[in-house]
Amino acid sequence: MFHKILIANRGEVALRIQRTCRELGIPTVAVHSTADSQAMHVRLADESVCIGPPPARESYLNKAAILSAAIITGSDAIHPGYGFLAENAEFAEMVAAHDLTFIGPAPRHIRMMGDKIEAKRVMAKHGVPLVPGSMEAITDTAGAARAAAALGYPVLIKAAAGGGGRGMQVAREAGELAERLALGRAEAQAAFGANALYLEKYLDRPRHIEMQMLADHAGQVVHLGERDCSLQRRHQKLLEEAGSPALAPAERERLGAQATAALAAIGYRNAGTLEFLYQDGEFAFIEMNTRLQVEHPVTEMITGIDLVREQIRIAAGEPLGYGQADIRFAGHAIECRINAETPASFIPSPGRVEAYHAPGGLGVRVDSALYAGLLVTPFYDSLVAKLIVHGRTRSEAIARLRRAIDEFAIIGIETTLPLFRRIVDAPEFAAGTYNVHWLERFVTGNA
Ligand code: ADP
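On a predicted model such as this, the values are computed, not experimentally measured, just so you know.

Caption draft 1: Spatial organisation of the overall build of the chain. When its secondary structure is counted, the chain shows 15 helices and 20 strands. What you see for the chain is a C-alpha radius of gyration of 21 Å, in line with the 22 Å of a compact globule of 447 residues. Overall, the C-alpha framework of the chain stretches about 60 × 50 × 45 Å when taken along its three principal axes. By residue count, 57% of the 447 residues in the chain fall in the buried class. Counted over contacts in the chain with a minimum sequence separation of 6, partners at least 24 positions apart contribute 66%. Just so you have it, the chain exposes about 17,200 Å², and 53% of that area is on carbon and sulfur atoms. Across the chain, the 46 positively charged side chains and the 51 negatively charged ones have centroids separated by 1 Å.

Structure follows, in structure tokens:
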């Protein structure tokens, strides 16, 4: 087991990882930018190192500064959290080259899944169904037009290096394809520094359903069930559930078995998530995330398995020690991503937190690094808290969520809490019949 773990992240996920390390008896090193010197992840760490000025590229994305911090503190492993360097194969290689352990998958798997076209090719080869689309990068408009005509409009233009819902453009008809391609290319270049694009059939009412996977070095692979992340705005998840209100147990088993076989075939290890769109009873793979996900707590709540602990144990070479039959699913869990944003416009709302009161009670979990007096700066992602509830049934979880939102007080900055309060009362949410396009209409009053 590791002697000291450096956590290359900030905010709630840095705290989340610290908590597990503490339970495992492993000291932690926090890294922080000058903007985060008063942050909770720094205040609660065993040690901390300032790695640069506020802009992420000079601090939380500064590979050399993070590696130096690991070496001078005598850390033997680095946990990247999510975002920042979590899916950066080059960073994972640098960590290994300095005789440290990267708590995550092998660099070749990060690279393979980081190219979304390659990821689809690999999954297809191992029998996983895909969303219909081009299996090569688009090289010219004429080729794209032929591919789009074959798929049938509308089509979705996506970035091969994509993530966070950026770089996606819908072309509803042939006449708008060229313009949408240009927009997609520019956005992909700006967001990812790589402009390769591909096409997919645009599905009109899919759900987003993903499978949480764990794999050890001995080749044992298990799934921890699915998460339903269909509540999205601009292709970004806002609320997630485990399990999916749309899935029967037999479908979970079918999808889980397929995902397990595919990861075993490629020799994957550590935690990962296979994402699918689900429509008319069919699953279609869209991408794989080779890291811990923001929404991992809903899986933890229904399985009782600490995913960060499993990541650390696997990275240290320990076997999982259990099989698929040992994993039990209990009750229902829901997570709300509370962002420091104005609810109507979703414009970031930085500022000082004047007062803070988190809800509690049976089945309520809050993962947040907020405290009264903290200055929320505009430099980083606007996620400031995750409210997670667990109930024996979905309706119990919803009732618990409603009262937990009412208890939650974050004063001084605007947050998306009021939006969640509205969602919880929406009949479509209670019925569980929503798809990925529903929330967009709901926030604009067209649901
Ligand atoms: P990213 O990596 O940017 O998160 P994904 O490929 O995971 O992109 O897709 C994000 C979301 O975009 C999906 O959850 C879904 O809501 C929407 N989406 C992606 N592909 C399609 C598609 N072919 N048809 C309709 N919606 C899609």
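Caption draft 2: Seen up close, the site of the ligand. Gly165, Lys201, His208, Gln232 and Glu287 are the nearest of the 22 residues found near the ligand. A distance of 2.6 Å separates an oxygen atom of the ligand from a polar side-chain atom of Gln232. Here an oxygen atom of the ligand sits 3.2 Å away from a polar atom, N or O, in the side chain of His235. The fraction of the free accessible surface of the ligand (550 Å²) that becomes covered by protein chains is 96%. Taken together, the elements giving at least two residues each to the shell around the ligand come down to strand E6 (155-159), strand E8 (197-201), strand E12 (270-279) and strand E13 (282-289). Lining the shell around the ligand are residues from two domains, each supplying at least three of them: domain 2 (132-201) and domain 3 (207-443).

Caption draft 3: Just the sheet that holds strand E11 (residues 236-242), in detail. Read across the open sheet, the eight strands follow the order E13-E12-E9-E10-E11-E14-E19-E17; overall the sheet is antiparallel. Each end of this open sheet is capped by a strand with a single partner; those strands are E13 and strand E17 (364-368). Strand-to-strand twist of the sheet, defined as the mean angle between neighbouring strand axes without regard to direction, takes the value 25°. As paired strands, strand E10 (residues 221-233) and E11 are joined by four bridges and run antiparallel to one another. Bridge pairing links Gln232 to Lys237 in E11.

Caption draft 4: Local environment of the environment of Leu401. Relative to the assigned elements, Leu401 resides in helix H12 (residues 394-407). Here the alpha-carbon distance between Leu401 and His390, two residues eleven residues apart in the chain, equals 8.5 Å. Sequence-distant contacts of Leu401, defined by excluding residues within four places in its chain, comprise Ile334, Cys336, Leu387, Val389 and Val424.

Caption draft 5: Summary view of the environment of Leu263. With respect to the helices, strands and loops of the structure, Leu263 is situated in helix H9 (residues 249-266). Through-space distance from the C-alpha of Leu263 to that of Val222 is 9.4 Å; in sequence the pair is 41 residues apart. Setting aside anything within four residues of it in sequence, one finds Leu263 in contact with Met123, Met213, Val221, Tyr268, Leu274 and Met288.

Caption draft 6: Representation of the sheet that holds E8. Ordered by their spatial adjacency, three strands build an open sheet running E7-E6-E8, and the pairing between neighbours is antiparallel. Strands with a single pairing partner mark the edges of an open sheet, and in this sheet they are strand E7 (169-171) and E8. Direction aside, the axes of adjacent strands within the sheet are offset by 30° on average. Note: E6 against E7, three bridges, orientation antiparallel. The residue of E7 that forms the bridge with Ile157 is Gln169. Each of E6 and E8 touches helix H6 (residues 116-125); the most contacted strand, E8, lies at about 50° to it. Of the strands in this sheet, E6 and E8 are in contact with helix H7 (residues 141-151), which crosses E8 at around 15°.

Caption draft 7: Focus on helix H13 (residues 417-424). Those residues of H13 lying buried are Leu417, Leu419, Phe420, Ile423 and Val424. Each buried residue of H13 lies within a common arc of 155° when the element is viewed along its axis, so the set occupies one face.

Caption draft 8: Region of interest: the packing of aromatic side chains. Scanning all chains against the criterion turns up eleven aromatic pairs. Taken together, the ring pairs connect Tyr60, Phe84, Phe379 and Tyr380 into an aromatic cluster. Seen from the ring of Tyr434, Arg207 lies directly overhead, with NZ or CZ sitting 4.8 Å from the centre. The aromatic ring of Phe346 is capped on one face by Arg233, whose charged end is 3.7 Å from the ring centroid.

Caption draft 9: Structural detail: the nonpolar core. Residues Ile338, Leu387, Ile423 and Phe429 are the most contacted members of the largest nonpolar core, which totals 38 residues. For this core, the secondary structure elements donating two or more residues are E11, strand E14 (332-339), E17, strand E19 (383-391), H12, H13 and helix H15 (438-443). Those residues in contact with Ile423 that lie beyond four places of it in its chain are Leu231, Phe429, Trp438, Leu439 and Phe442. Formed by 27 residues, the second largest nonpolar core is a distinct cluster that contains Phe2, Ile5, Ile26 and Leu292.

Caption draft 10: Region of interest: unusual backbone geometry. The omega torsion across Tyr153 and Pro154 is -5°, close enough to zero to call that bond cis. Tracing the chain through its elements places Pro154 in the loop between H7 and E6. Put simply, Ala242 and Gly243 share a cis peptide bond, and its omega is -5°. Mapped onto the secondary structure, Gly243 falls in the loop between E11 and H9. Phi at Phe84 is positive, roughly 40°, even though this residue is not glycine. Structurally, the position occupied by Phe84 is in the loop between strand E4 (77-79) and helix H4 (89-97). A positive phi angle, near 65°, is found at His235, a position not held by glycine. Inspection of the secondary structure puts His235 in the loop between E10 and E11.

Caption draft 11: Spatial organisation of the pairing of E13. With seven of its eight residues buried, E13 lies for the most part within the structure. For E12 and E13, the ladder comprises seven bridges, and the chain directions are antiparallel. Bridging across to E13, Gln279 finds its partner in Glu282. In textbook terms, the turn of a hairpin is the stretch between consecutive antiparallel strands, and for E12 and E13 this stretch comprises two residues, one of which, Asp280, has a positive phi near 50°.

Reading guide: rules and limits
Residues numbered from 1 in each chain as written. Predicted model: local features only at pLDDT ≥ 70, side-chain atom pairs only at ≥ 80, totals over all residues. Heavy atoms only, no water. Helix = DSSP H or I, 4+ residues; strand = E, 2+ residues; numbered from the N terminus. Rg over C-alpha atoms; globule rule 2.2 N^0.38 Å. Buried < 20%, exposed > 50% of the residue type's maximum accessible area, 1.4 Å probe, protein only. Contact = heavy atoms within 4.5 Å. Areas by Shrake-Rupley, 256 points an atom, 1.4 Å probe, with all protein chains shown as cover. Lys, Arg positive; Asp, Glu negative; His and termini not counted. Charge placed at Lys NZ, Arg CZ, Asp CG, Glu CD. Near = heavy atom within 4 Å. Polar contact = N/O pair within 3.5 Å; in protein donor to acceptor, adjacent residues only side chain to side chain. Domains from an automatic or database assignment. Pairing = 2+ DSSP bridges. Axes fitted to C-alpha atoms, helices over the stretch in contact; angles between N-to-C directions. Arc of directions from axis to C-beta. Phe/Tyr/Trp six-rings, centres within 6.5 Å; stacked < 30°, edge-to-face > 60°. Lys NZ or Arg CZ within 6 Å of the ring centre and 35° of its normal. Core = buried A, V, L, I, M, F, W, Y, C linked by side-chain atoms within 4.5 Å.

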